Amino acid sequence: MTVNPARKVLLEASGITKVFGTGAGQVMPLKGVDLKLYSGELTLLMGPSGSGKTTLLSILGCILSPTDGELTVAGQSTLGADAERLADIRRNHVGFVFQSYNLFPTMTARENVMLALDVRSKAVPDPNADALRALEAVGLSHRAHAYPAKLSGGEKQRVAIARALAGSPAVILADEPTAALDAENGRTVMALLSEVAKDTSRAVLAVTHDHRTLPYADRIILIDDGRIESDERPDKSDNGGGTTQVHISAGHLNGGNSGGNGTSESKASNGNGSAGSASAANNAAAAKPAANNAQAKPASTNGNTTTKPNNRNRATGRRRKKVKHHV
Ligand SMILES: Nc1ncnc2c1ncn2[C@@H]1O[C@H](COP(=O)(O)OP(=O)(O)OP(=O)(O)O)[C@@H](O)[C@H]1O
Ligand SMILES: [Mg+2]
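As a convention, each chain's residues are numbered from 1 in the sequence order in which they are written. Here every chain gets a letter starting at A, and every ligand a number starting at 1, in the order they are written. Totals for whole chains, interfaces and linings use every residue, but because this is a predicted model, local features are given only for residues with pLDDT of at least 70 and side-chain atom pairs only at 80 or more, for both listing and counting.

The name given to the protein in an unreviewed UniProt entry is ABC transporter ATP-binding protein, with Hyphomicrobium sulfonivorans as the source organism. UniProt positions are given in the numbering used here, feature names are shortened, and annotations may be inferred rather than shown by experiment. Turning to the protein, the UniProt annotation filed under Sequence similarities (unreviewed entry) states: "Belongs to the ABC transporter superfamily. Macrolide exporter (TC 3.A.1.122) family."

Laid out in structure tokens, this is it:
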């Protein structure tokens, strides 16, 4: 994978493993993940249900500690960090966006965004103005005083993105940000995340099962059974129209519980590890029923996986230029 030398590494994970439980009930959703996230890029992380996406996202966002491995976020190593230090790194360098928005219903859009500023250690001279700027960046300054109940799903997600952006964290992590949205709102949110990712001081990683997100990706990583299976940058000019052609296996797309039903949804924090940080710890633990895990990667029923040559990427259908299992 060729990396533009102007891009900075904003997050680096190496040898990440995660074990849950003990004895017969032990599971190992991550089996040694190496990954770098670069500034100025929107990376998509795809994989079957139970393949470890949310667990990985939670570790990258310092919500969960890895069982083994090293993580550096915005130059801050988490090696040996206690819970307080991890929370500190998370609050200052990571913004989260979740499928279910996680907005406080009793706060306006502006107040929800200001809450994120509250938890960052960096002093913000005028939080109100900052929150309004973040809302403006997502095209919602006119809805600043609206309560979540009065916002559409797409608007709520844009407020959640504004909240993630508040205080300018280096890394934005999104877990299935379009899964609860209709096609148009899903496109709007992806276009926004792709815009957000153009900032050269920021990296964006979004977990998704949604093939509609593919055209926005600068990079697509596939994970399967706790290991990175492929990692590539689609050539957006390849098809002339800027629309990434999608050939994706049923396992990567559906995973058994995508499509907006929310069953795989993280019971996550309120964005930036403030009031929700206790429940954030449940994030990756937002356990899917065991049955979901057994159904990873069903035999393809859409014809794509059975007919495509082996040297094609499962997500994009393009010929692999170069595939690295660990980046
Ligand atoms: N706290 C936990 N305790 C025990 N097992 C867990 C916990 N959290 C996750 N798991 C298990 O780890 C595996 C990976 O889960 P994870 O939530 O990361 O999958 P995922 O790829 O995000 O799936 P989905 O697409 O359904 O959201 C699954 O087998 C899951 O049941
Ligand atoms: Mg998940």
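What follows continues from the structure just given.
Draft legend 1. Summary view of the pairing of strand β9 (residues 219–224). Buried means a residue has 20 or more other C-beta atoms within 10 Å of its own C-beta, exposed means 12 or fewer, and partly exposed covers the counts in between; C-beta atoms are placed from the backbone. Numbering of helices and strands runs from the N terminus; a helix is a DSSP stretch of H or I covering at least four residues, while a strand is a stretch of E covering at least two. By the criterion of burial, β9 is predominantly enclosed, with five of the six residues buried. The sheet contact formed by strand β3 (residues 41–46) and β9 spans four bridges and is parallel. Within the sheet, the bridge partner assigned to L45 lies in β9 and is I221. One ladder, built from five bridges, connects β9 with strand β10 (residues 227–232); its direction is antiparallel. Along β10, the bridge assignment pairs D224 with R227. A pair of strands is labelled paired if DSSP reports no fewer than 2 bridges between them. Hairpin connection of β9 to β10: two residues between the antiparallel strands, including D225 at a positive phi of 50 degrees.

Draft legend 2. Examining the nonpolar core more closely. Any nonpolar core is a set of buried residues, restricted to Ala, Val, Leu, Ile, Met, Phe, Trp, Tyr and Cys, that join up through C-beta atoms within 7 Å. Core analysis: the biggest nonpolar cluster contains 76 residues, and V113, I161, A162, V171 and L193 have the highest contact counts within it. Whether two residues are in contact is decided by their C-beta atoms, placed from the backbone, lying within 7 Å. If we skip the residues at most four places from it in the chain, A162 touches V113, A134, L135, A137, V138 and L140.

Draft legend 3. Looking closely at the sheet that holds β3. In space, the six strands of this open sheet follow the order β6-β7-β8-β3-β9-β10, with mixed pairing throughout. The sheet terminates laterally at β6 (94–98) and β10, the two strands that pair on one side only. Geometrically, the sheet is characterised by an average inter-axis angle of 20 degrees between neighbouring strands, direction not taken into account. Only the stretch in contact is used when fitting a helix axis, every axis being a line fitted to C-alpha atoms; angles between N-to-C directions are given from 0 to 180 degrees. Strands β6 and β7 (171–175) of the sheet are contacted by helix α5 (residues 153–165), whose axis makes an angle of about 170 degrees with β6.

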